[in-house]
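# Coordinates in review
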Amino acid sequence: MTATTDRQPLLRADDLTMTFGGITAVKDFSFHIQPGEIVGLIGPNGAGKTTCFNMLTGFYAPSNGRVRFKGQDITNRKPHAIARLGLVRSFQKTNVMKRLTVFENVLTGHYMASRQSLLATFFPGEAVRRAEREARESAAAIVETMGLAQRMNAPAHLLSCGELRLLEVAVALAAKPSLLMLDEPAAGLNSHEAGNFGAVLKTLIGRSIDALLIVEHNMDLVMSVSDRIVVLNFGRKLAEGRPAEILENRQVAEAYLGKAAA
Ligand SMILES: Nc1ncnc2c1ncn2[C@@H]1O[C@H](COP(=O)(O)OP(=O)(O)OP(=O)(O)O)[C@@H](O)[C@H]1O
């Protein structure tokens, strides 16, 4: 075990359970994320990964179990309240507005997060003007961090698939997350683009975010970026460990092969 396990987790979920009518999507699922970690949450289709994301971020009220973030019990809090605490998620559907430029998309992310009043926007005082300046500086810095500086003023519809996936993360970063949760952020990327995407994600830890939880079907990507992997199967935790341990785990291989053979 590493020394990190002695510290208080950034996020801790205990016995999370979600039932929809007669279907149990997730059952007694417990896990944690330490500051500084990238954790991969994997599992075959329908294993319960997105349902977990929804429970952790307040989009679903768990049927049972608790979620703690930064030491606070956030179970059943509203999604926007959880996001304001620093737990920010992406969705499988894109958050990018195709007509806006890369910079404008990230700036819009800042405004969505800051909830500045309309009155303040039209009749700005010094404080609002300063906030505006800071938002623009921060947006430009995020674009650079994601490796998109050359595309700062390009309309999003002109971006390659790889650049678009990076921009989606950039927009999420505008909300100033402490823990960022990405749901299939590398969908549609070829192996070269996925390699670059993973390398950029790794640079974010300790610089833009404290920790990252990633749900991803691209195994090369998730194995190369994650410090630890948690495997879900039929809503239950099947395995947990370092990527090399998970790759050698027979039960995990069978869960995936079983699904593929079905
Ligand atoms: N709102 C819902 N109502 C009823 N059943 C649901 C609902 N959301 C999810 N489920 C069911 O819960 C189970 C887990 O689904 P979930 O989407 O969480 O899996 P997943 O691991 O994210 O799958 P994928 O990798 O395909 O995205 C599935 O059987 C799904 O049909």
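Up top is the structure these notes are about.
For clarity, every value in this text was computed on a predicted model and none was experimentally measured. (Residues numbered from 1 in each chain as written. Predicted model: local features only at pLDDT ≥ 70, side-chain atom pairs only at ≥ 80, totals over all residues.)

### A look at the sheet that holds strand β6 (residues 87–89)
Put simply, the rule is: Only when DSSP finds a minimum of two bridges between them are two strands counted as paired. Segments assigned H or I by DSSP are reported as helices when at least four residues long, segments assigned E as strands when at least two residues long, and all are numbered from the N terminus. In this description, a line fitted to the C-alpha atoms serves as the axis of each element, helices being fitted only across the stretch in contact, and the angle between N-to-C directions of two axes falls anywhere from 0 to 180 degrees. A pair of residues counts as a contact when their C-beta atoms, built from backbone coordinates, are separated by no more than 7 Å.
One open sheet holds the 6 strands; their spatial order is β6-β7-β8-β3-β9-β10, and the pairing between them is mixed. Either end of the sheet is taken by a strand with one partner, and the two such strands are β6 and β10 (236–241). Sheet twist, expressed as the average angle between the axes of neighbouring strands with direction ignored, equals 15°. The sheet contact formed by strand β9 (residues 228–233) and β10 spans 5 bridges and is antiparallel. Following the sheet pairing, Val-231 is matched in β10 by Ala-239. Packing of helix α1 (residues 49–56) onto the sheet brings it into contact with β3 (38–42), β6, β7 (179–183), β8 (211–215) and β9, and relative to β7 it is tilted by some 150°.

### Describing the nonpolar core
Note the following rule: We define the nonpolar core as any set of buried residues of the types Ala, Val, Leu, Ile, Met, Phe, Trp, Tyr and Cys, connected via C-beta atoms lying within 7 Å of each other. Residue burial is a threshold on neighbouring C-beta atoms within 10 Å of the residue's own C-beta, all placed from the backbone, with 20 or more meaning buried, 12 or fewer meaning exposed, and counts in between meaning partly exposed. Residue ranges assigned to each domain were obtained from an automatic or database domain assignment.
Val-106, Val-143, Ala-170, Leu-179 and Leu-212 are the most contacted members of the largest nonpolar core, which totals 70 residues. By residue number, the principal contributor to this core is helix α6 (residues 161–173), which donates 7 residues. Taken together, domain 1 (1–86 + 177–262) and domain 2 (94–176) each give at least three residues to this core, which thus spans both. Setting aside its immediate chain neighbours within four residues, Leu-212 contacts Ile-38, Leu-180, Leu-182, Leu-201, Leu-204 and Ile-205.

### Structural notes on the pairing of β8
For clarity, the threshold we go by: When the strands point away from the viewer and the path from the first strand over the helix to the second turns clockwise, the crossover is right-handed.
With 5 of 5 residues buried, β8 lies mostly within the body of the structure. Taking every second residue as pointing to the same face, both faces of β8 are buried, with Ala-211, Leu-213 and Val-215 on one and Leu-212 and Ile-214 on the other. In this sheet, β8 lies alongside β3 in parallel orientation, the contact comprising 4 bridges. Residue pairing for β8: Val-39 is matched across the bridge by Leu-213. Relative to β8, β7 is paired through 5 bridges, and the arrangement is parallel. In the sheet register, Leu-179 faces β8, and the bridge partner there is Ala-211. One crossover worth recording links β7 to the parallel β8 by way of helix α7 (residues 191–204), and it is right-handed.

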